[in-house]
Structures are given as structure tokens and as C-alpha cells.
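# Geometric and topological summary
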Amino acid sequence: MGRSVSEAEQRSQRGALIEASVAYDGDSACIARARAFARDFLAEVQAVAGLPVSGRVMGMVPLVVSELVTNAVKYAGGPCLLSLSVEQGAVRATVWDSDPTLPVARAADVGRVGQHGLEIVMGVCQAFEVHREPVGKRITAVVGLADAPDGDVARSAA
């Protein structure tokens, strides 16, 4: 997978059970690279950490990452940083960008085409947080790793 020169990737197993981060220059091609990064991260969670990752999580985390990075590219128009970690039975996806404007979920409107990303993310995640930073903002979405026996998402302390 080709990476732009400005992308830097870091992986570790300190603090969180397993974590990885990557910096993107903010071009639209980084959205697909972020989805692939998320899929690779989940494969590593299974292979290296030996944690089970359900099919739901394999689909949901790349979707959440895609929506968060898309918003960073579309609205911040500059570099962004994606961090993924597994801790307390959940995947934490965090995206930093340089725009201090906090996102606002729009009211549901079945007639609206587009701009449903934040609604989707908030609907599928266990937790969703937005923090203004000295430069920009940091958005974190948490997706539980385990599925409950009845097929619902198992809730963990995130």
C-alpha cells in the first residue's frame, strides 16, 4: 500500500493493549488509506494480541474511521492524525485535525442527501467524544470488540 511522504506510522503495545497511529496530509486519497489502516490494525489485533474480532467490528471500525477522516479532510482541509487502540474490550478510533470548529450532528432528515456521517458514527458507537485542542480538535469514537450472545453489542466500560 503506497504511502505519501508525509505519512508516518507508529505502533506500540504500551498503555493500551495494542495501538497504532498514522499521520495523513489531508488529501482525499488518505480516506481509503485510513480504512485500509483500520482493517490492517484489526487483523493485527487478532494475530498479535490474540483477541477475537467479530465480523461486525471488522466492518464497523473501518466505516467509523472513514467517516471521521472524511470529515477531517472535508472540513479541516489539512493534515490529520488517526490513532487506533484496543483497551477495556473496545477499539478507540481518534482523529485529530487542525480545525477548531466542533462537529454538530444534524437532525434526522430522510430527504437529505449526504452529511449523515456523524449521525452514523454516533449511532454505531458505544461512546463518542469531541475535545477542542490548543490547535484543532480531537474526536474519539469507541466500538466494542465483543458481540453479546444475542447478537447485540456487548457494552464495556469505555
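Residues numbered from 1 in each chain as written. Predicted model: local features only at pLDDT ≥ 70, side-chain atom pairs only at ≥ 80, totals over all residues. Heavy atoms only, no water.

So, on to the packing of helix H2 (residues 55-76) against helix H3 (residues 117-124). Put simply, H2 and H3 touch, their axes get as near as 9 Å, and they point 145° apart. Here H2 and H3 pass one another in a crossing that is left-handed. Every residue of H3 that contacts H2 at Met 60, Leu 63, Val 64, Glu 67 and Leu 68 is listed here: Gly 117, Ile 120, Val 121 and Val 124. Residue composition of the contact of H2 with H3, grouped by class: seven nonpolar, one polar and one charged. (Axes fitted to C-alpha atoms, helices over the stretch in contact; angles between N-to-C directions. Helix = DSSP H or I, 4+ residues; strand = E, 2+ residues; numbered from the N terminus. Left-handed = near helix turned anticlockwise from the far one by under 90°. Contact = heavy atoms within 4.5 Å. Nonpolar A, V, L, I, M, F, W, Y, C, P; charged D, E, K, R; others polar.)

Our focus in this paragraph is the pattern of salt bridges. In this structure the tally under the stated criterion is four salt bridges. Close ionic contact of Glu 133 with Arg 138 constitutes a salt bridge, the shortest N to O distance being 3.4 Å. On the basis of relative accessible area, Glu 133 is assigned to the partly exposed category, the value being 26%. You can call Arg 138 partly exposed: its relative accessible area is 28%. (Salt bridge = Lys/Arg side-chain N within 4 Å of Asp/Glu carboxyl O. Buried < 20%, exposed > 50% of the residue type's maximum accessible area, 1.4 Å probe, protein only.)

Buried residues dominate strand E4 (residues 90-97), accounting for eight of its eight residues. Here E4 shows a buried face lined by Ala 90, Arg 92, Thr 94 and Trp 96 and a second buried face lined by Val 91, Ala 93, Val 95 and Asp 97. Hairpin geometry of strand E3 (residues 80-87) and E4 is characterised by an intervening segment of two residues between the two adjacent antiparallel strands and by a positive phi of about 50° at Gln 88. One ladder, built from eight bridges, connects E4 with strand E6 (residues 137-144); its direction is antiparallel. Paired with Ala 90 across the bridge in E6 is Gly 144. (Pairing = 2+ DSSP bridges.)

Bringing the nonpolar core into the picture now. Core analysis: the biggest nonpolar cluster contains 35 residues, and Phe 41, Val 65, Val 69 and Leu 82 have the highest contact counts within it. Going through the elements one at a time, strand E2 (18-24), helix H1 (30-47), H2, E3, E4 and E6 are the ones with two or more residues in this core. The biggest single contributor to this core is H2, with nine residues. Each residue touching Leu 82, except ones within four places of it in the same chain, is listed here: Ala 20, Ser 21, Val 22, Tyr 24, Ala 34, Phe 37, Val 65, Thr 94 and Val 95. (Core = buried A, V, L, I, M, F, W, Y, C linked by side-chain atoms within 4.5 Å.)

As a further point, take the layout of surface pockets. Here the largest pocket is characterised by a volume of approximately 350 Å³. Taken together, 22 residues line the largest pocket, and the ones lying closest to its centre are Asn 71, Tyr 75, Pro 103, Val 104 and Leu 118. Listed by contribution, the elements that provide at least two residues to the lining of the largest pocket are H2, H3 and E6. It is H2 that provides the largest number of residues to the lining of the largest pocket, a total of seven residues. (1 Å grid on protein atoms, 1.4 Å probe; cavity = no way out; pocket = protein on both sides within 12 Å on 5 of 7 lines; lining within 4 Å. Points joined across faces, edges and corners; volume = space filled by probe spheres on them.)

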